[in-house]
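Residues per chain are reported as follows:
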Amino acid sequence: MRPRLSVRLLASTLLAAVLAAGPALAQTKELLTIDLPGDPATLDPHLQWNTDSYSVYRNIFDNLVTRNAEGEIVPQIATGWTQDDDTTLTFTIRDDVAFHDGTSLTAEDVAYSINRIIDPDLNSPQLSQFNQIERAEAIDPTTVRITTKSPYPALLAQLVKLSIVPKAYVEAVGDEEFNLKPMGSGPYKLTAWRKGVETELEAFADYWGGQPPFERVLFRAVPDVSTRIADLKTGQADLIRDVPPDQASSVDGASGVKLLSVPTERVGYLYINAQAGPTEDVRVRQAIAYALDRQTLIDALLEGYASPVNILGAPPIFGYTDQIEGYPYDPDKARALLQEAGAEGATLEFLTSPSYNQAMVQAIQQMLQDVGLDVSISSSDQATFLKRRQGDPENAGSLAIGAWSCACQDADGIIFPLFRTGSIWAKYSNPAFDEAVDAARSTLDEAKRKAEYETAYQILREDVPGLGLYQVYALYGASERLQWQPTANESMFVMDMSWSE
Amino acid sequence: MAIITFPLPRPRLPQMPLSVVLVAILFVVIVVLAVLAPWIAPQDPNDQSLLARLRPPGYTYRDVTYLLGTDDLGRDLLSRVLYGARISLAVSVLSVAVSTVVGVSLGMVAGWYRGWVETLIMRAVDIMMSIPAILLAVLTVAVLGPGFIKLVLVLGLTRWPRYTRVAFGQTLTVAGLPFIRASELAGAGAGRILIHHILPNIAGPILIVATAEFGLMILFESGLSFLGLGIQPPTPSWGSIMSVGRQYLERAPWIVFVPGACLFLLVFSVNVLGDWLRDWIDPRSRSR
Amino acid sequence: MLRYIVNRLLQAVIAIFGVLTIVFVVMHLSGDPTLLLVPQDASAEVIANLRRQLGFDRPIGVQYLDYLGDLLRLDFGTSVVQRVPVSQIVAARVPYTIELAAGALAVALGLGIPIGVVMATRRGGWIERGLTAVVVTGQSVPTFLSGILLIAIFGVLLRWLPTSGTGSISALVMPSIALGSVSMATFARMTRIAILDELGKDYVRAATARGMRMDQTILRHVLRNASIPLITITALEIGNLLAGAVIIETVFAWPGIGLLAIQSIQARDFLVVQMIVLLISVVYVLTSVLADLIYGFVDPRIRLMR
């Protein structure tokens, strides 16, 4: 089903590109309306990192570095950087950037932004992504030096997520006021935030990167999927986020709208408790791996909008390897392994919460029951789910599904927190694995890191403390006239969009 | 509870209007279908056919005809709705039972002993009545997590104050009657008097409350399930089926409409029967 | 009378205090929001630090006393999720719920009273039976189901009305109908009873005996006298409408306090939930005190009944 859709999508994109080529057709659209599933929790970019929040605030702020369409890390506020030694990185900063109040952005602001997010007093939920940074200091108005606690290969990937805030303004108004009236140097400035309803942005005329494509942008909070789709079809929205795969056909077939899909760095996976219950036996875990028909799950439940993976990671991440053999769908082998382990009819608790795809959970339950396991689902709210899943192994259930993305496109942000001994997520411990991921974390040598991750993934393949199921596709519904290429890290920069009449 | 001999205003069953008879038949049919679900359901309600999901009523796949179509996992909607009826009915019957037992006992105790017991119980009633039951139920179920027993307890324990108010008021009235005084003088204990003499005499009004609450409980159960706060998947209840179906309103509207229609018919019949029962037990309400 | 009012209000304060305690305990026993706030790769140490900074590591009794202390100073605290004063978050949503409740009340009164009048005056006929069916139907359709039905028919199929959004009358129509239909049934029943009560009274018989036409009598006297119990019911229904808003706002994504409550329960945003519960309880209690007063004022005998 999918190839046909893609061809149609490609054709319409080509057609649109041809049409858009004439200069006379490049008209402007004043207001762009985007439906998000929720309201931003915070607009202070150093507080919440969740999609609804950053989809909005990353248009208000600039980042030190960013990713281009190919996924490479490229300068944004920085013009370049040099690695002085294993723990020191020096950035040069643009000198032509102004904040929305007209003051210019300097190295002071960059250093302040880094030091602010790692300041324990701010209580930033994002602290763990930046706490490898020791400090940042401004050497002169266009130079910033960042020191890390140890060699930290994922530093640049993490800095992609760091928004630059104006030091003088934040210090003058205070944290609370800044969260309500954020001001940055990005292409858009905040004009109104009607909490729970919508957030309105206006183009910043003096943006250093050129004229923003739309005069105004409206982000609306529309929790219900079918309502978002209805809004798109009736022209009340120009772009909607989070179209579930099995609703894609209702967007794709409609006139005047199109479906945008992109493979992301996010990976759908099954966690298997290796430290308690029947799944403590590696044969049971391997049996589970053989019992799952990934292709059917993808084709039926995700309607083809996902690709199967053999490892717990997707191609856009550093450290991805296609050298690991996956587990084929082999229910007989699964039954044999269960028999060998004496685990036929063993009871497994499958933890989940409404945040996850319930159909996927129930389909996996069925497949495991088909090979002779007794799986019961325990659905609780997200807070309780996390408490159990991250808590004591004895109480952490046998199974859970998840969709993991560190938004850093690096294996370090995935398998380290999931499986490294001592991590809250890990219900698994293998010194050989720990050694590999520790080594990969503390060297800047890319070839060595790649090799270490391949070793680590090979160990995971044998031990199965978790199983990569598929690479998640991000699906958006858009007006046919909106030109935009969504990215693997699920960011939403209005600056990258354009409109063709 | 063996000796519920509440004083019926008329010795034998009064006439039922034809419309009420029809509704009563409808109610009985729903209950019978629910009870017989394991024997009459054409499929196992949890049997999935991933390649036959979201199919319309009448669809045939691998020699199985899905009379009411399939849901998002290719399960037979008819079977799920039949089994769902059991859950919806069981939850509401049991939670009404819980709240009746708790509420009536407290109400009778408060009305019999008066004094600080009354103050304590009736203040607790005030507290419980100061918060919308649905909000309290949503909060507790969200926090406790879904589950059949939890659902019954939460629903039952948020609704008892209504029974307490009625039982309290009725007990006050009945306790002053001469025959109660007489048996007290004859040496009967409080428990015996409450159960043997007062309960039968206040059963009528309580039955009225319970019937009204029964319809409400069915709605509550489905409302909570609809918000994803009902029982554990994959067990079907009408509310949980509709909650899933809402996502497919355009693509597979039958998933919402079939259990929705059943839910409506059930609550409608319960309400009509409740009205009729009230008129019968308390004829004044009709003549007014 | 004054003593009665003071007494009743005192009871109300105790009741609300009890409600707050229940909600506080239920929410805090089930775990705090720290895990929901941190990114996936946070370490145990980071989580523990954040939990300590936010004050969730303290004994529940201490947190409770702290909360009550702040409440006495009318300080509702700052949301740990949004980092904004809770009062601001809730205040921004209140107007939407008021708008919805007003719309629903308009639907309920606008349909319920005429239906009740007709039912009382055309007794025993097919009209009464038909209207009774309408009333019972209004009571029997769950609000979320009528919400979905309305969306399916008028939003998706016919596209007459917007499926979501706020700010226009057309956006208000469907949620108001869905929410108001249950209250409509209550009003119709109560109107019928109130009018039947009045019709049995001597002055009506006298008026009809004097040759006044029935509909004139009803319009001139009966409705006016019957309106007192109706005002009472209205006061009580306001509380019920607020409670019903929890579900209907979710169905229509209406950004009022009901939706906020559901979202905040999921996010474990304790202070927001507690303020909403406080707000709804206060309205609930005040309207029922008001209803009691009106009732007691009119007929002291029925003070106990509700």
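Residues numbered from 1 in each chain as written. Chains lettered and ligands numbered in written order. Predicted model: local features only at pLDDT ≥ 70, side-chain atom pairs only at ≥ 80, totals over all residues. Heavy atoms only, no water.

K.L.:
Please set out the packing of helix H1 (residues 2-29) of chain C against helix H4 (residues 60-72) of chain C residue by residue, giving values where relevant.
P.N.:
Each pair of packed helices can be described by the angle between their axes along with the distance between the axes. Residue and element names in this part refer to chain C. Remark: H1 packs on H4, axes separated minimally by 11 Å, with the N-to-C direction vectors making an angle of 140°. Regarding the angle of H1 to H4, the classification is oblique. Between H1 and H4 lies a crossing of right-handed hand. Contacts from Phe17, Leu20, Thr21, Phe24, Val25, His28 and Leu29 in H1 reach Ile60, Gln63, Tyr64, Tyr67, Leu68 and Leu71 in H4. Partitioned by chemical class, the residues of the contact of H1 with H4 number 10 nonpolar, 3 polar and no charged. (Axes fitted to C-alpha atoms, helices over the stretch in contact; angles between N-to-C directions. Helix = DSSP H or I, 4+ residues; strand = E, 2+ residues; numbered from the N terminus. Parallel < 35°, antiparallel > 145°, perpendicular 65-115°, else oblique. Left-handed = near helix turned anticlockwise from the far one by under 90°. Contact = heavy atoms within 4.5 Å. Nonpolar A, V, L, I, M, F, W, Y, C, P; charged D, E, K, R; others polar.)

K.L.:
Go over the packing of aromatic side chains with me, naming the residues and quoting the values.
P.N.:
All names here are of chain A. Across all of its chains, the model carries 21 aromatic pairs over all chains by this definition. On the basis of an interplanar angle of 80° and a centroid distance of 6.3 Å, the ring pair of Phe214 and Trp499 is categorised as edge-to-face. Of the two residues, Phe214 is situated in the loop between strand S9 (198-203) and strand S10 (216-221) and Trp499 in strand S19 (residues 498-499); the sequence distance between them amounts to 285 residues. Residue class for Trp499 comes out buried when judged on its relative accessible area of 11%. A centroid spacing of 4.9 Å and a plane angle of 80° characterise the contact between Tyr476 and Trp484, whose relative ring orientation is edge-to-face. The same class applies to Tyr476 and to Trp484, which are both buried. Among the aromatic residues, those joined into a ring-pair cluster are Phe61, Tyr169 and Phe178. The ring centre of Tyr54 lies 6.0 Å from the NZ or CZ of Arg58, which sits over that ring. (Phe/Tyr/Trp six-rings, centres within 6.5 Å; stacked < 30°, edge-to-face > 60°. Buried < 20%, exposed > 50% of the residue type's maximum accessible area, 1.4 Å probe, protein only. Lys NZ or Arg CZ within 6 Å of the ring centre and 35° of its normal.)

K.L.:
Lay out the interface of chain A and chain B with the relevant residues and their values.
P.N.:
Facing 24 residues of chain A, the contacting portion of chain B comprises 20 residues. At the boundary of chain A with chain B, total buried surface from both sides reaches about 1,800 Å², with 45% on carbon and sulfur atoms. Of all residues in chain A, Asp246(A), Gln362(A) and Gln366(A) bury the most surface against chain B, accounting for 26% of the area lost on that side. Across the contact surface, chain A and chain B share 5 salt bridges. A salt bridge links Glu303(A) to Arg53(B); the nearest nitrogen and oxygen atoms lie 3.1 Å apart. Linking chain A to chain B there are 12 residue pairs in polar contact (both at pLDDT 80 or more). Sorting the residues of the side of chain A that touches chain B by element identifies helix H8 (225-233), helix H11 (294-301), helix H13 (358-370) and strand S15 (374-379) of chain A as the ones contributing at least two each. (Buried area = accessible area lost by both parts, 1.4 Å probe. Salt bridge = Lys/Arg side-chain N within 4 Å of Asp/Glu carboxyl O. Polar contact = N/O pair within 3.5 Å; in protein donor to acceptor, adjacent residues only side chain to side chain.)

K.L.:
Describe the state of the cysteines, and please don't skip the residues or the numbers.
P.N.:
Residue and element names in this part refer to chain A. Enumeration according to the criterion identifies 1 disulfide over all chains in this entry. Disulfide pairing is shown between Cys406 and Cys408; the S-S distance is 2.2 Å. Judged by the torsion about the S-S bond (-90°), the Cys406/Cys408 disulfide is left-handed. This pair shows no difference in class: Cys406 is buried, exactly as Cys408 is. (Disulfide = S-S within 2.5 Å.)

K.L.:
Any chance you could break down H4(C) for me, citing the residues and the numbers?
P.N.:
The first and last C-alpha atoms of H4(C) sit 18 Å apart over 13 residues, in line with the 18 Å expected at 1.5 Å per residue. Just beyond H4(C), the residue with positive phi is Leu74(C), at close to 60°. (Expected span 1.5 Å × (residues − 1).)

K.L.:
Which residues make up a nonpolar patch on the surface, and what are the values?
P.N.:
All names here are of chain B. A cluster of nonpolar side chains, namely Leu18, Leu22, Ile25, Val28, Val29, Val32, Leu33, Val35, Leu36, Trp39 and Ile40, defines an oily patch on the protein surface of about 1,000 Å² accessible area. Those elements that place two or more of their residues in the nonpolar patch are helix H1 (18-35) and helix H2 (37-40). Looking at the nonpolar patch element by element, the count peaks at 8 residues for H1. In this structure, Trp39 sits in helix H2. According to the relative accessible area criterion, Trp39 is exposed, its value standing at 68%. (Patch = residues over 30% accessible without salt bridge, like charges linked within 9 Å, V, L, I, M, F, W, Y side chains within 5 Å. Areas by Shrake-Rupley, 256 points an atom, 1.4 Å probe, with all protein chains shown as cover.)

K.L.:
I'd like a description of the pairing of strand S6 (residues 133-140) of chain A, backed by residues and values.
P.N.:
Residues and elements named next belong to chain A. The pairing of S6 with strand S7 (residues 143-148) spans 6 bridges and is antiparallel. Bridge pairing in S7 places Ala138 opposite Val144. Between the antiparallel neighbours S6 and S7 lie 2 residues. (Pairing = 2+ DSSP bridges.)

K.L.:
Could you give me a rundown of the interface of chain B and chain C, with the residues and numbers involved?
P.N.:
Size of an interface, as often reported, equals the accessible area lost when the parts are brought together. On the chain C side, the residues contacting the 39 residues of chain B number 46 residues. Approximately 3,800 Å² of surface area, both sides summed, lies buried where chain B meets chain C, with 77% of it carried by carbon and sulfur atoms. The interface formed by chain B and chain C holds 1 salt bridge in total. For the salt bridge of Arg189(C) with Asp275(B), the shortest nitrogen-to-oxygen distance reads 2.7 Å. Put simply, chain B and chain C have 2 residue pairs in polar contact (both at pLDDT 80 or more) between them. Of all elements in the fold, only helix H4 (115-129), helix H5 (133-144), helix H8 (190-226) and helix H10 (254-281) of chain B reach the threshold of two or more residues within the side of chain B that touches chain C. Among the elements that take part in the side of chain B that touches chain C, H10(B) stands out by supplying 11 residues, more than any other. Within the side of chain B that touches chain C, the residues separate by chemical class into 24 nonpolar, 6 polar and 9 charged.

K.L.:
Describe the confidence of the model for chain B, naming the residues involved and giving the relevant values.
P.N.:
Predicted confidence across chain B gives a mean pLDDT of 87, with 93% of residues reaching 70 or more. Below a pLDDT of 50 lies the segment residues 1-6 of chain B, which in the model reaches 9 contacts outside its immediate sequence neighbourhood of four places, other chains included. (pLDDT = per-residue confidence, 0-100.)

K.L.:
Any chance you could break down the sheet that holds S6(A) for me, citing the residues and the numbers?
P.N.:
All names here are of chain A. Spatially, S4-S5-S7-S6 is the arrangement adopted by the 4 strands of the open sheet, whose pairing is antiparallel. With partners counted over all chains shown, the strands left at the sheet margins are strand S4 (78-85) and S6, one partner each. Between one strand and the next, the sheet's axes are offset by a mean angle of 20°, whatever the strand orientation. As paired strands, strand S5 (residues 88-93) and S7 are joined by 5 bridges and run antiparallel to one another. Across the sheet, residue Thr88 finds its bridge partner in S7, namely Thr147.

K.L.:
Describe in detail the pairing of strand S12 (residues 257-272) of chain A, supporting the description with residues and values.
P.N.:
Residue and element names in this part refer to chain A. Among the 16 residues of S12, 14 are classified as buried, and the element is accordingly described as predominantly covered. Pairing between S12 and strand S17 (residues 466-479): 12 bridges, direction antiparallel. Pairing of Leu259 across the sheet is with Gly477, part of S17. Note that S12 and strand S16 (residues 399-404) share 6 bridges and pair antiparallel. Residue pairing in the sheet places Tyr271 in a bridge with Ala400 of S16.

K.L.:
For the environment of Ala252(B), give the residues involved together with the corresponding values.
P.N.:
Considering the arrangement of structural elements, one finds Ala252(B) in the loop between helix H9 (238-245) and H10. Ala252(B) sits 183 residues away from Gly69(B) along the chain, and the two C-alpha atoms are 8.8 Å apart.

K.L.:
Now, about unusual backbone geometry: what can you tell me, with residues and values included?
P.N.:
Note the cis peptide between Pro233(B) and Pro234(B), where omega equals 5°. Locating Pro234(B) in the fold gives a position in the loop between H8 and H9. The backbone of Arg114(B) shows a phi angle near 55°, a positive value even though the residue is not glycine. Under the relative-accessibility criterion, Arg114(B) is labelled partly exposed at 40%. Unlike most non-glycine residues, Arg268(C) shows phi in positive territory, near 55°.

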